[in-house]
Amino acid sequence: MPIISATAIAHPNIAFIKYWGDLDPSLHIPANGSISMNLEGLITRTTVSFDPSISQDQFMLNGASTKVEELERVRKLLDRVRQLATMSAYARVESQNNFPLAAGIASSAAGFAALSLAASHAAGLILNEKDLSRLARTGSGSACRSIPGGFVEWSAGHDDKDSYAYSIASPDYWDLVDSIALVSREGKPTSSSTGHYLADTSPLQVARIADAPHRLELCREAILERDFEKLAWVVELDSNLMHAVMITSTPPLLYWQPASVAIMRAVQSWRRNGTPVCYTIDAGPNVHVLCPAEVAESVAIQLRQLTGVIQVLTAHPGGPAIIENNHPNKGETDF
Ligand code: PMV
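These remarks concern the structure in this document. It should be emphasised that the depicted structure is a prediction, and the values quoted were computed from it without experimental measurement. (Residues numbered from 1 in each chain as written. Predicted model: local features only at pLDDT ≥ 70, side-chain atom pairs only at ≥ 80, totals over all residues. Heavy atoms only, no water.)

1. Brief notes about the overall build of the protein chain
Part 1: For the protein chain, the helix and strand inventory stands at nine helices and 16 strands.
Part 2: Its C-alpha atoms give the protein chain a radius of gyration of 19 Å, near enough to 20 Å, the size a compact globule of 335 residues would have.
Part 3: Of all 335 residues assigned to the protein chain, the portion counted as buried reaches 55%.
Part 4: Accessible surface, the protein chain: about 14,200 Å² in total, of which carbon and sulfur atoms supply 53%.
Part 5: Separation between the mean location of the 26 positive side-chain charges and that of the 35 negative ones in the protein chain comes to 3 Å. (Helix = DSSP H or I, 4+ residues; strand = E, 2+ residues; numbered from the N terminus. Rg over C-alpha atoms; globule rule 2.2 N^0.38 Å. Buried < 20%, exposed > 50% of the residue type's maximum accessible area, 1.4 Å probe, protein only. Areas by Shrake-Rupley, 256 points an atom, 1.4 Å probe, with all protein chains shown as cover. Lys, Arg positive; Asp, Glu negative; His and termini not counted. Charge placed at Lys NZ, Arg CZ, Asp CG, Glu CD.)

Rendered as structure tokens:
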């Protein structure tokens, strides 16, 4: 067998309605559905080469070897692909991000989306978007939302077959901007995988999950109606609910830094003064500040002036994961 390789590109995504807690941790079947926006301009590019001459899988991230646990997660996804394609060759995986790792930007989402697409393509599998999303989910839950383009909903489902993400609006449907205010470049002390396990230890998780269908409906409507006020309300509520669960887990997870809280307060005061803007925070201290494109430049300028903000990255809605130098699809593989 010759070396066969493929390169794929995927964007990270920011969740408007968050995934926090699993029904089935081994397959990342989430306790609730979620909605996100892909982030244009922020990119993970991954090349997978199945090479019969190597004796184990290899993974390089930004030119360096990774921790054993990260290689293990990559290896598990490659095993699924090998099983689907009935092949046995090991692979060399090389991945590059153009954004800081562990910055509260879901690098694992873009990473596993690009890995799923590149590995399945190199293995000769032609998976449709739903099956690619299912495959990406097994690497990292939120990665299933980086397969389709634009504004994406992950239907929680109950098992491996019916838990996947699809686009609810294309990237050009609504020109929102995510201004990511970095307040720290340090890796997060507790990974989101550990956090998902702890979610059920919070007495608030039951209430968060019970109300999730309502928040999903409001968020979906806000996007489809391009209603920023409605979006702002539900996005901040959902972020605050997730962090309330985190803070009240055993052991507690407090991801915010003083600068995170200062940004949240500033964003709320700008909104009270008439600027359409809201915040959301993932499992880290950095703050994602959302607004319509018309006000994005002035919002980014104001963010840069706040004490503790190291850098502001901005992103419009991004497209789906794609194969670089796309080849026409010949058919589809079921799994
Ligand atoms: O996909 P994971 O295991 O990295 O979890 C993502 C968790 C959050 O980013 C906090 C929320 C989300 O829905 O993206």
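2. Digging into the sheet that holds strand E10 (residues 151-155)
Part 1: Across the sheet, four strands lie side by side as E2-E5-E10-E11; this open sheet has antiparallel pairing. If you trace the sheet from one side to the other, it starts and ends with strand E2 (13-17) and strand E11 (164-169), each paired once. The sheet shows a mean angle of 35 degrees between the axes of neighbouring strands, direction not considered.
Part 2: As defined by bridge partners, strand E5 (residues 34-38) adjoins E10 across four bridges and the pair is classed as antiparallel. Counted as the bridge partner of Ser 34 is Trp 154 from E10. (Pairing = 2+ DSSP bridges. Axes fitted to C-alpha atoms, helices over the stretch in contact; angles between N-to-C directions.)

3. With respect to the site of the ligand
Part 1: For the ligand, the set of nearby residues contains 14 residues, the closest of which are Tyr 19, Ser 142, Arg 145, Ser 192 and His 196.
Part 2: Contact between the ligand and Tyr 19: an oxygen atom at 2.8 Å from a main-chain N or O atom of the residue.
Part 3: Between an oxygen atom of the ligand and a side-chain N or O atom of Asp 282, the distance comes to 3.5 Å.
Part 4: Considering the ligand on its own, with 380 Å² of exposed area, one finds that the protein chains cover 94% of that surface. (Near = heavy atom within 4 Å. Polar contact = N/O pair within 3.5 Å; in protein donor to acceptor, adjacent residues only side chain to side chain.)

4. Structural notes on the environment of Gly 149
Part 1: Among the structural elements, Gly 149 can be located in the loop between helix H3 (129-139) and E10.
Part 2: Gly 149 gets classed as buried once you look at its relative accessible area, which sits at 8%.
Part 3: Once the C-alpha coordinates of Gly 149 and Arg 137 are considered, the two residues, 12 residues apart in sequence, prove to be 16 Å apart.
Part 4: Ignoring any residue separated from it by four or fewer positions in sequence, one finds Gly 149 in contact with Asn 38, Ser 167, Ala 169, Pro 171, Gly 318, Gly 319 and Pro 320. (Contact = heavy atoms within 4.5 Å.)

5. Quick notes on the pairing of strand E9 (residues 91-97)
Part 1: On E9, burial follows the alternation: Ala 91, Val 93, Ser 95 and Asn 97 on one face are buried, whereas Arg 92, Glu 94 and Gln 96 on the facing-out side are not.
Part 2: Summarising the sheet, strand E7 (residues 58-61) and E9 pair through four bridges and their orientation is parallel. Opposite Leu 61, over in E9, you have Ser 95 as the bridge partner.

6. Digging into the sheet that holds strand E1 (residues 4-10)
Part 1: With respect to topology, six strands assemble into an open sheet ordered E8-E7-E9-E6-E1-E16, the strand pairing being mixed. Two strands lie at the open edges of the sheet, namely strand E8 (64-65) and strand E16 (322-323), each paired on one side alone.
Part 2: In terms of strand pairing, E1 meets strand E6 (residues 44-50) through seven bridges, oriented antiparallel. Bridge pairing in E6 links Ile 9 to Arg 45.
Part 3: The strands that helix H1 (residues 68-85) touches are E6, E7 and E9; relative to E7, the one it contacts most, it runs at about 125 degrees.

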